[in-house]
Amino acid sequence: GRAPRGIPRLEEAEEASSAGAMSLLSLRREVAATQDHVRRALVHEPRGHAGMYGAVVVASGAAAAGVDLAALFLHGAGYSTMCGHAVLALGRFALDYGLVVAPSCPETAVRLRCPCGPVTAFVPWDGHRSGNPVRFHSVPAFAAATDLAINVPGHGKVVVDIGYGGTFYAFVSAEQLGLDVCSSKTRDLVSAASAVTKAVKKQFKLHHPESEDLAFLYGTILTDGKDAFSEEPTTNICVFADKQVDRSPTGSGVTARIALQYHKGLIQLNQTRSFRSSTTGSLFTGKAVKATKFGDYNAVIVEVSGEAFYTGTATFTVEEEDSLKYGFCFK
C-alpha cells in the first residue's frame, strides 16, 4: 500500500489465469520472467518514482475461482506477495467499478486472491459508492522466529523477530541500531534496515508451509519498541524490496507484528492496537481475531483496518522509438 496504483488489465496474465492453468504464484513467476518490462515501464521513472507501488487486477479468471478479483503487486524491484494498503484500495475499487455482483449495505465482503492466498476485505457501501475505513482479514499470520541474534555489519549483534503476514519481515527496535524511528533521518533508518535485511537473509533460512515462492524476506520494519499492549499507537517504518520505504503503516507488517505480539503473550485476541507510519503519520489498526494452525505453526487471522483513497486514473503511452520507454532508475 505504497500509494497503490491499480493497473486494471494485463491481457496475457488474465488469459492464463482465467484458463485456470496457473496459480497466482506461478502467474507471478511467469509475469516476472516474460513481462517484466511492463512493471519497469509503469513503476520506474518517468511514469513512476523510486517509491512507486502498483497492483495489477486480474479479474476474469479470479471470478471463476469464487473470488471477486485477483491481484498481482508490483514494486521498484519486483513482485510482492501481499500488500495490505492495496487490499484496502482494491476492495473499494471492486465496488466502485462494479466488479462485485450484488454489493450489500452497510458493508460488503470483497473476496480477493493475492499471491499469498485468499484475503477478504470488508468495505463500507451506501448503495452508490464505497467508503472508509476498510478492514481486511489476512491469510494466517505467524511468528517465524523470535529473539534471533543476528550479526549486522556496522551494528554488531542485533536481536530480531521474524513474522509472517502474507510476506516475511524482520522486526527490530530502532533503538538497538542507535536510531529513533520518529526523529532519525529517513536515510539513516533506511540504510540500517537494509543492513538488517541483508544480514538476516545470510544468517537465517525461512520456511513457508505452502510454497517455496513465499519463503523470502521482503524487508525490515524498524519499530519504537512498544510491543506490549497499549491504547497509544506504536510507530514503525517499513523498508522493503530494494530500499523502498513504505508510505503507509504497512498492512502486511501490522499483520505480522500482531502475530508476533500474540505469540509472545503481549496481546490477547480482539485487543485492538494502532500502528503509525513514521513517514506520513497515517494510522492502521490491527487485532488478532482468531487462533488457527498453519502448517506446523500456531497462527492467527489478523484484521487490519485503515483508509485508502484513489488519486485518479491514467493512460500511459509507450512510444516504440523511446530509448527509455521501459523506465529508468536513479539511486
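Cut-offs applied
Residues numbered from 1 in each chain as written. Predicted model: local features only at pLDDT ≥ 70, side-chain atom pairs only at ≥ 80, totals over all residues. Heavy atoms only, no water. Helix = DSSP H or I, 4+ residues; strand = E, 2+ residues; numbered from the N terminus. Rg over C-alpha atoms; globule rule 2.2 N^0.38 Å. Buried < 20%, exposed > 50% of the residue type's maximum accessible area, 1.4 Å probe, protein only. Contact = heavy atoms within 4.5 Å. Areas by Shrake-Rupley, 256 points an atom, 1.4 Å probe, with all protein chains shown as cover. 1 Å grid on protein atoms, 1.4 Å probe; cavity = no way out; pocket = protein on both sides within 12 Å on 5 of 7 lines; lining within 4 Å. Points joined across faces, edges and corners; volume = space filled by probe spheres on them. Nonpolar A, V, L, I, M, F, W, Y, C, P; charged D, E, K, R; others polar. Phe/Tyr/Trp six-rings, centres within 6.5 Å; stacked < 30°, edge-to-face > 60°. Lys NZ or Arg CZ within 6 Å of the ring centre and 35° of its normal. Domains from an automatic or database assignment. Buried area = accessible area lost by both parts, 1.4 Å probe. Salt bridge = Lys/Arg side-chain N within 4 Å of Asp/Glu carboxyl O. Polar contact = N/O pair within 3.5 Å; in protein donor to acceptor, adjacent residues only side chain to side chain.

Enquirer: It is not clear to me how the overall build of the protein chain should be interpreted in this structure. Could you clarify?
Expert: Counting secondary structure elements, the protein chain contains seven helices and 15 strands. Against the compact-globule benchmark of 20 Å for 331 residues, the protein chain has a radius of gyration of 19 Å, which places it among compact chains. The principal-axis extents of the C-alpha atoms in the protein chain amount to approximately 50 × 50 × 35 Å. Here the protein chain holds 331 residues, and 53% of them are scored as buried. For the protein chain, contacts bridging at least 24 residues in sequence account for 63% of all contacts bridging at least 6. Approximately 14400 Å² of the protein chain is accessible, and the part contributed by carbon and sulfur atoms is 51%.

Enquirer: What exactly am I supposed to notice about the layout of surface pockets here?
Expert: Rolled over the atoms, a probe as big as a water molecule pinpoints where empty space is left. Volume-wise, the second largest pocket comes out at about 200 Å³. As for the second largest pocket, its lining consists of 16 residues, and the residues nearest its centre are D161, F171, S173, D227 and K264. At the level of secondary structure, the elements contributing two or more residues to the lining of the second largest pocket comprise β8 (156-164), β9 (168-173) and α7 (251-263). In terms of residue class, the lining of the second largest pocket is built from six nonpolar, five polar and five charged.

Enquirer: Would you mind showing me how to read the packing of aromatic side chains here?
Expert: Aromatic rings in a pair are described by how distant their centres are and how their planes are angled relative to each other. Taken as a whole, this structure holds 13 aromatic pairs when the rule is applied. Residues Y164 and F168 carry aromatic rings whose centres are separated by 4.7 Å and whose planes lie at 55° to one another, so their mutual orientation is tilted. Residue Y164 shares its accessibility class with F168, and that shared class is buried. Above the plane of the ring of Y310 lies R92, whose end atom (NZ or CZ) is 5.1 Å from the centre. Positioned above the aromatic ring of F122, the side-chain terminus of R135 is 4.3 Å from the ring centre.

Enquirer: Which parts of the structure should I look at to understand the domain arrangement of the protein chain?
Expert: When the parts of a complex come together, some accessible area is lost, and that lost area is often taken as the interface size. Looking at the assigned domains, one finds that the protein chain contains domain 1 (8-138) and domain 2 (139-306). Summarising the inter-unit geometry, the C-alpha centres of domain 1 and domain 2 are found 23 Å apart. With 29 residues of domain 1 in contact, the opposing surface of domain 2 contributes 30 residues. Of the roughly 2100 Å² buried at the junction of domain 1 and domain 2 (both faces included), carbon and sulfur atoms supply 55%. The largest share of the area that domain 1 buries against domain 2 comes from C116, F136 and S138, three residues that together contribute 26% of it. E303 is the partner of R135 in a salt bridge, and the nearest nitrogen-oxygen pair spans 2.8 Å. Seen at the junction of domain 1 and domain 2, the total is 11 residue pairs in polar contact (both at pLDDT 80 or more). Among the secondary structure elements, those contributing two or more residues to the side of domain 1 that touches domain 2 are α2 (24-34), α5 (84-96), β5 (117-124) and β6 (134-137). By residue number, the principal contributor to the side of domain 1 that touches domain 2 is β6, which donates four residues. Split by residue class, the side of domain 1 that touches domain 2 holds 14 nonpolar, 12 polar and three charged.

Enquirer: Where do I start with unusual backbone geometry in this structure?
Expert: Across residues other than glycine, the phi torsion is negative in most instances, and most of the peptide bonds are trans. A cis amide bond, omega 5°, links E45 with the succeeding residue P46. Relative to the helices and strands, P46 is located in the loop between α3 (36-43) and β2 (53-58). For D147, which is not glycine, the phi torsion reads 50° and is therefore positive. One non-glycine residue, A241, lies in the positive phi region at around 50°. Tracing the sequence through the fold places A241 in the loop between β11 (234-240) and β12 (244-245).

Enquirer: Sorry, what's going on with the environment of Y169 here?
Expert: Assignment of secondary structure puts Y169 in strand β9. The spatial distance from the C-alpha of Y169 to the C-alpha of R257 is 8.9 Å, given a sequence separation of 88 residues. A distance of 2.6 Å separates a polar atom in the side chain of Y169 from a polar atom in the side chain of S252.

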